[in-house]
Amino acid sequence: MSELEARLARLEATEEIRQLAARYALALDQRDVQALVALFVDDVRTGDGRVGREALADWFDPILRPYTTTFHLIGNHVIDLVDDDHATGVVYCRPEHEVGDLWVVMPMQYWDRYERRDGHWYFASRAPKVFYAADVLEHPLRVPERFHFPGNPMITRAELPGRWESWQTFWTEPRA
């Protein structure tokens, strides 16, 4: 493969991976569970340990049911190609959820692993990491532990920014 062909392949891989995040948000908000699970490798492992897209569809169903409306806005997306068939990424997302009489805003990141199979890129895994969750009328700093999201079956606490090692180091090292 020439240098130009290799550069083009990297650009195509990056764009196809970027589209995964956008298609994921769209499928979630449309409640198109089949389109959602088709974005994952066929042997994906669910949050409860089962394997496969059908198991993932069964796993997503009760997670999505509590929310009448959702809105997932995708932001920054960093993609690191590991090799021709593997990549990692971090996707910023600002989802909003209608939960009963609350409208919960939950800025977060997805920490992703991607795999290319049969010429196409898929999610191998997604791990959501949350900055805060609060009703749109609440101030996040006035919410205990910056997390107020009743009935969320998957995410129960805010982890960011404290989860970042560099953030911890920045605040523990003395100022110059």
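As shown above, the structure is provided for reference.
Everything quoted here is computed from the prediction, not taken from an experiment.

(A) Quick look at the layout of surface pockets. If you add up the space inside the largest pocket, you get close to 290 Å³. Around the largest pocket sit 13 residues that line it, and Ala9, Arg10, Ala13, Asp84 and Arg116 are the ones nearest its centre. Taken together, the residues that form the lining of the largest pocket break down as six nonpolar, one polar and six charged. Lining the second largest pocket we find 16 residues, and of these Phe40, Arg45, Gly47, Trp59 and Arg126 sit closest to its centre. Elements with a contribution of two residues or more to the lining of the second largest pocket: helix 3 (53-64) and strand 5 (120-130). Per element, the largest residue contribution to the lining of the second largest pocket is five residues, and it comes from strand 5. Its residues placed into classes, the lining of the second largest pocket shows 11 nonpolar, three polar and two charged.

(B) Focus on empty space enclosed by the protein. Inspection of the entire model under this criterion finds one cavity of 30 Å³ or more. Within this model, the largest cavity holds a volume of roughly 210 Å³. Forming the boundary of the largest cavity are 18 residues, of which Ile63, His72, His97, Tyr110 and Met154 lie nearest the centre. Of the residues in the lining of the largest cavity, the class split is 14 nonpolar, four polar and no charged.

(C) Just the environment of His120, in detail. One can find His120 in strand 5. Given the relative accessible area of 44%, His120 is considered partly exposed. With residues up to four places along the chain from it excluded, the contact list for His120 reads Glu16 and Glu115.

(D) Region of the structure containing unusual backbone geometry. With an omega of 10 degrees, the peptide bond between Leu160 and Pro161 qualifies as cis. Relative to the assigned elements, Pro161 resides in the loop between strand 6 (134-135) and helix 4 (165-172). Although it is not a glycine, Asp118 sits at a positive phi angle of roughly 50 degrees. Structurally, Asp118 is set in the loop between strand 4 (108-117) and strand 5. Exposure remark for Asp118: the relative accessible area of 80% places this residue in the exposed category. Although it is not a glycine, Glu145 sits at a positive phi angle of roughly 55 degrees. Residue placement: Glu145 occurs in the loop between strand 6 and helix 4. A residue is classified by how much of its surface remains accessible, and Glu145, at 73% relative accessible area, is exposed.

Here is what the cut-offs are and how they apply
Residues numbered from 1 in each chain as written. Predicted model: local features only at pLDDT ≥ 70, side-chain atom pairs only at ≥ 80, totals over all residues. Heavy atoms only, no water. 1 Å grid on protein atoms, 1.4 Å probe; cavity = no way out; pocket = protein on both sides within 12 Å on 5 of 7 lines; lining within 4 Å. Points joined across faces, edges and corners; volume = space filled by probe spheres on them. Nonpolar A, V, L, I, M, F, W, Y, C, P; charged D, E, K, R; others polar. Helix = DSSP H or I, 4+ residues; strand = E, 2+ residues; numbered from the N terminus. Buried < 20%, exposed > 50% of the residue type's maximum accessible area, 1.4 Å probe, protein only. Contact = heavy atoms within 4.5 Å.

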